[in-house]
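These are the residues of each chain, in order.
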Amino acid sequence: MSGLRVAVIGSGPAGVYAAAALSRAGNVEVDVLDRLPAPYGLVRYGVAPDHVKMKSVDVALRRILEDPAVRFLGNVEVGADIARDELMTYYDAVVFATGAAVDRRLGVPGEDLPGSFSATEFVAWYSGHPDAELDLFTLQATHAVVIGVGNVAVDVARVLTKKADVMAGTDVPGHVLDVLAASAVTEVTMLGRRGPAYARFTTKELRELGEISGSDIIVDPADLELTEQEEADVAADRTLRANLEVLREWSTRTPEGRPRRLRIKFWLRPVEVLGSAAVTGFRAERTRLENGRLVGTGSILDFPAQLVLRSVGYRVVPPAGLPLDPETGTVPHDGGRVLLDGAPMPGLYVAGWLKRGPTGIIGTNKPDATETVTALLADADRLPRAPERDPDAIVELLRERKVRAVDWSGWEAIDAAERALGAARDCARVKIADRETLLRAALGDEFG
Ligand code: NAP
């Protein structure tokens, strides 16, 4: 019998590690579909441009996508270009690994005023995501407020604060670099609704905020006074201990009058984004813990701001009609097998953030994907075989539908075009942001 045919939807770390586990099993043909023309998901469009070492995981991902058992088909959107049910004509099983791309809402008045954005929008813009409007950010604000104290908040605060000449050595698109170079931002304030003992950032990422040339870091020592319970929680957790050490050192620093200031403040929860035609400020209420519960004290503080970035986490919107468990905010599953009303949906699997929520680091996706693939392979004998076994058939169908699929050679053409742009700016790569230009680079003469 011919080998198993599996589609993996999403070419971020979760999808690519699933493809790797499948190809390792042998006798499996894997197609990795992505709605974007370029692969690597959040490694390309989420990891901050100045985190060059973290981004270099793309070398390992590329090796997997170049495996002869694996085929990349970009610019193909499941649910739009091809329905989930149709996939079962071509594949015996489908692994969804499309992540959690939608931002969580704050739920306060003024959230949608011009000048108030989700961190997701800002990250997409500076990462050159094809869905982000090129002129979405102008950075004419002098004061920016970032809500949240997770690693995404740290990323966006750092990008706002770093000098543009440092960012010039990264892969940020030209239009992003121009805006960063002309940025009027001088004051960036990060607000955590709980205390420093419960911040979500990790120490390595936090530490970088104190090493930005041209920017003072300011932390109020009063924010770092801990209750007995907080002391105990911090003592029991290595990351929290190290975070507190870093914050305490910063709280003793005297600002040196650098051009920019980055303030990290705690115990302030969002009340309102202020402004009528556009953002003019951010209103927060002081908080404290009462029997372990976060409560407002009634004390209100207003921060001037013309830019608000809400960085309060991502949420899963299941693709192609997959179910959602409202309790966990993820696709219900058993070891990666998608469940509907508690019963497995034959041939359907999930991996990555869809499966476990928006947590963990890139490496977390390896064991996660392996678990899913182990379940899939254990089911293999019971899976109904797809009727169409010719690998060219799906390419033909997409062509008939005028879907301009980007194969691996198409991605290599994009890669070469971006490296050429990089050479002109004296860096390894400059990203192409707009979809049409990406497709033109990928498809050349075929681009109609
Ligand atoms: P996150 O770690 O869950 O942090 C979300 C932050 O938003 C928390 O500080 C949370 O506070 C706060 N928050 C949530 N709802 C809020 C509300 N209504 N009002 C005020 N604050 C609110 O999420 P993330 O920063 O988006 O990161 C997602 C994942 O990607 C994480 O696993 C992260 O480590 C990872 N990541 C890693 C890196 C890196 O390694 N360099 C970079 C980026 C992202 P509470 O704790 O009080 O809920």
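Quick note: structure is the one above.
Residues numbered from 1 in each chain as written. Predicted model: local features only at pLDDT ≥ 70, side-chain atom pairs only at ≥ 80, totals over all residues. Heavy atoms only, no water.

(A) Seen up close, a negative patch on the surface. A cluster of like negative charges, contributed by Asp 407, Glu 412, Asp 445 and Glu 446, occupies part of the molecular surface. Secondary-structure assignment places Glu 446 in the segment after helix H17 (435-443). (Patch = residues over 30% accessible without salt bridge, like charges linked within 9 Å, V, L, I, M, F, W, Y side chains within 5 Å. Areas by Shrake-Rupley, 256 points an atom, 1.4 Å probe, with all protein chains shown as cover. Salt bridge = Lys/Arg side-chain N within 4 Å of Asp/Glu carboxyl O. Lys, Arg positive; Asp, Glu negative; His and termini not counted. Charge placed at Lys NZ, Arg CZ, Asp CG, Glu CD. Helix = DSSP H or I, 4+ residues; strand = E, 2+ residues; numbered from the N terminus.)

(B) Expanded view of the pattern of salt bridges. Inspection of every chain in the model, using the stated rule, returns 36 salt bridges. When the shortest N-O distance is used, the salt bridge between Glu 249 and Arg 253 registers 3.2 Å. On the basis of relative accessibility, which here comes to 39%, the residue Glu 249 falls in the partly exposed class. Of the charged contacts, one joins Arg 258 and Glu 256 as a salt bridge, the two residues approaching to 3.2 Å between their closest N and O atoms. Judged by relative accessible area, which is 27%, Arg 258 ranks as partly exposed. Because the salt bridges share partners, they merge into one network encompassing Arg 44, Asp 415, Glu 418, Arg 419 and Arg 429. (Buried < 20%, exposed > 50% of the residue type's maximum accessible area, 1.4 Å probe, protein only.)

(C) The site of the ligand, seen in detail. The environment of the ligand is formed by 23 residues, the closest being Val 149, Val 152, Arg 193, Arg 194 and Arg 200. Between Asn 151 and the ligand, the recorded distance is 3.1 Å, taken from a side-chain N or O atom to an oxygen atom. One of the side-chain N or O atoms of Arg 200 is found 2.9 Å from an oxygen atom in the ligand. Its free accessible area being 930 Å², the ligand has 86% of it covered by the protein chains. In terms of residue count, helix H7 (residues 151-161) provides more of the shell around the ligand than any other element does, three residues in total. In the shell around the ligand, the residues fall into 10 nonpolar, seven polar and six charged. (Near = heavy atom within 4 Å. Polar contact = N/O pair within 3.5 Å; in protein donor to acceptor, adjacent residues only side chain to side chain. Nonpolar A, V, L, I, M, F, W, Y, C, P; charged D, E, K, R; others polar.)

(D) Molecular detail of the environment of Thr 437. Of note, Thr 437 is situated in helix H17. Sequence separation between Thr 437 and Ile 414 is 23 residues; the distance between their C-alpha atoms is 9.1 Å.

(E) Molecular detail of the environment of Thr 280. Counting through the fold element by element, Thr 280 comes out in strand S12 (residues 279-290). In the structure, Thr 280 is positioned 138 residues away from Thr 142 in sequence and 11 Å away in space, judged by C-alpha atoms. Discounting residues that sit within four places of it in the chain, Thr 280 has contacts with Leu 274, Gly 275, Phe 303, Pro 304 and Ala 305. (Contact = heavy atoms within 4.5 Å.)

(F) The arrangement of H17 in detail. Along H17, the residues that are buried comprise Leu 438, Leu 439, Ala 442 and Leu 443. Buried residues of H17, viewed axially, fall in a sector of 110°; they line one side. Considering only its buried residues, H17 is in contact with helix H2 (41-45) and helix H16 (408-424). Gly 444 occupies a position one or two residues after H17 and carries a positive phi of about 50°. (Arc of directions from axis to C-beta.)

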